Amino acid sequence: MGAEQSRDVSKGKNPRGIWLFGKRQRLLPWEDTLLSGKDPRSLLKRGMHFVSFSLVTKGMSDVPDFLWGLSEVQKLNLSCNRLLILPPAVGKLDQIVVLNLSGNRLKYLPKEIGLLKSMKVLFVNMNCLTEMPGDLSLCQKLEVLSLSHNCVSQLPASFADLTRLRKLNLSNNHFVHIPICVFSLKGLDFLHVGSNQLENIAESIELLVNLQIFIAESNNIHSLPRSLCSVTSLELLDVDHNDLQTLPDELYLLHRLAKIAWNPMDKGLHVIHNPLSKPLPEVVEGGLEMLFSYLKDKKHG
């Protein structure tokens, strides 16, 4: 019998002999562990910084129940599956620091996500979310939140309580204005609101005094507020692919912008792809120093 099993393995067959739709299927590691009676905790990876568990790209439509018993998990990756629902039991994993739910089919998050008081990083990008739970504001240690590529049009006012948030990605959603609560997040150094339906940027943008990267490309913004020019910490300002015809005279105050940027990944001022009024197109072509000199002369002339 052992020889037959060995031959099956050598041919790439599953020695357990499990058939599905007429084809022999290889078990996933976690399925094999459970069927063999091993402790599910043996699946955990214990690194220098985190106790982690990953079920990436497994084609799952449901989260396996055993997961909710792994209370010591700190880094959980369930990305790139077919999950429709995140069960309330996620609240049992109160040691989680990093939670990656990106690339699924989630339509909402349970309020129990607010029980993850140790969570610092949450990725829920590329789902089908239409709203975010106000209970997430109870995660006071949250530093990074990415919910790009969803169908969200507003955020709960309680998000203003996420005072430790440093990086916020709201791109590729249905926002028509930057949510008011965002302007209370004074610790933000990264804000991405590109590919939404914005027509303006509120003067309150000046409250984000630590902002270093602000991306608002691919909207329908008609003008930039003068108050944006007081956010002198900016190193990257991307307002490409909008409807800008003029630029605020005070833009030269943004002294940390190093250049007119052409490459989307570069720091600097991204403004080329706008219907700028003459002579701005020619001035911008001349580089940032020429643009700033022109705007300064225009203001004081």
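Residues numbered from 1 in each chain as written. Predicted model: local features only at pLDDT ≥ 70, side-chain atom pairs only at ≥ 80, totals over all residues. Heavy atoms only, no water.

- As annotated in an unreviewed UniProt entry, the protein carries the name Leucine-rich repeat-containing protein 30 and comes from Ornithorhynchus anatinus.

Observations concerning the confidence of the model for the protein
Part 1: For the protein, mean pLDDT is 89; residues scoring 70 or higher make up 86% of the total.
Part 2: In the predicted structure, residues 1-24 sits below a pLDDT of 50 and forms 19 contacts with residues beyond four places in sequence or in another chain. (pLDDT = per-residue confidence, 0-100. Contact = heavy atoms within 4.5 Å.)

A closer look at the side chain of Ser227
Part 1: The residue Ser227 is located in the loop between strand 11 (213-215) and strand 12 (236-238) in this model.
Part 2: Setting aside chain neighbours within four positions, we find Ser227 in contact with Ala202, Glu203, Ile205 and Glu206. (Helix = DSSP H or I, 4+ residues; strand = E, 2+ residues; numbered from the N terminus.)

Some details on the state of the cysteines
Part 1: Within this structure, the stated rule accounts for 0 disulfides.
Part 2: With no disulfide of its own, Cys128 lies closest to Cys151 among cysteine sulfurs, the gap being 6.4 Å. (Disulfide = S-S within 2.5 Å.)

Let's talk about the sheet that holds strand 11
Part 1: Spatial ordering of the open sheet is given by 3-4-5-6-7-8-9-10-11-12-13, a layout of 11 strands whose pairing is mixed. Of all strands in the sheet, those with a lone pairing partner are strand 3 (45-46) and strand 13 (268-270), marking the two edges.
Part 2: Of the pairings in the sheet, the one linking strand 12 to strand 13 comprises 3 bridges and is parallel in character. Residue pairing in the sheet places Leu236 in a bridge with Gly268 of strand 13. (Pairing = 2+ DSSP bridges.)

What about the environment of His192?
Part 1: Within the fold, His192 resides in strand 10 (residues 190-192).
Part 2: A relative accessible area of 14% places His192 in the buried class.
Part 3: Spatially, the C-alpha atoms of His192 and Ser146 are 9.3 Å apart, while their sequence positions differ by 46 residues.
Part 4: Other than its neighbours up to four places away in sequence, His192 contacts Leu168, Asn169, Leu170, Ser171, Ile215 and Glu217.
Part 5: Separated by 3.1 Å, the side chain of His192 and the backbone nitrogen of Gly194 make a polar contact. (Buried < 20%, exposed > 50% of the residue type's maximum accessible area, 1.4 Å probe, protein only. Polar contact = N/O pair within 3.5 Å; in protein donor to acceptor, adjacent residues only side chain to side chain.)

Regarding the pattern of salt bridges
Part 1: Under the criterion given, the structure shown has 9 salt bridges.
Part 2: Across the salt bridge formed by Glu235 and Lys267, the nearest N and O atoms sit 2.7 Å from each other. One end of the pair, Glu235, is in the loop between strand 11 and strand 12; the other, Lys267, is in the loop between strand 12 and strand 13, and 32 residues separate them in sequence.
Part 3: When its relative accessible area of 19% is taken as the criterion, Glu235 is described as buried.
Part 4: Among the residues examined, Lys267 registers a relative accessible area of 44% and is labelled partly exposed. (Salt bridge = Lys/Arg side-chain N within 4 Å of Asp/Glu carboxyl O.)

Things to note about the pairing of strand 4 (residues 51-54)
In regular strands, side chains alternate between the two faces of the sheet.
Part 1: The alternating pattern of strand 4 places Val51 and Phe53 on a buried face, while none of Ser52 and Ser54, on the opposite face, is buried.
Part 2: When strand 3 meets strand 4, the two strands line up antiparallel, connected through 2 bridges. Of the residues in strand 4, the one forming a bridge with Lys45 is Ser52.
Part 3: Linking strand 3 to strand 4, which pair antiparallel, is a turn of 4 residues.
Part 4: Note that strand 4 and strand 5 (residues 75-77) share 3 bridges and pair parallel. Counted as the bridge partner of Phe53 is Leu76 from strand 5.

What about the nonpolar core?
Part 1: Met119, Leu122, Leu136, Leu155, Val182, Phe214 and Leu291 are the most contacted members of the largest nonpolar core, which totals 85 residues.
Part 2: Of all the secondary-structure elements, those providing two or more residues to this core are strand 4, helix 3 (280-285) and helix 4 (288-300).
Part 3: The greatest single-element share of this core, amounting to 4 residues, is contributed by helix 4.
Part 4: Split by domain, the residues of this core number at least three in each of domain 1 (39-152) and domain 2 (166-300).
Part 5: Beyond its immediate sequence surroundings of up to four residues, Leu291 is in contact with Leu247, Ile260, Leu269, Leu280, Val283 and Val284. (Core = buried A, V, L, I, M, F, W, Y, C linked by side-chain atoms within 4.5 Å. Domains from an automatic or database assignment.)

Re the side chain of Asn219
Part 1: Tracing the backbone through its elements, the reader meets Asn219 in the loop between strand 11 and strand 12.
Part 2: Polar side-chain contacts of Asn219 include one of 3.3 Å to the backbone oxygen of Glu217.
Part 3: For Asn219, the residues in contact, after removing those within four places along its chain, are Val193, Gly194, Ser195, Asn196, Gln197, Leu198, His241 and Asn242.

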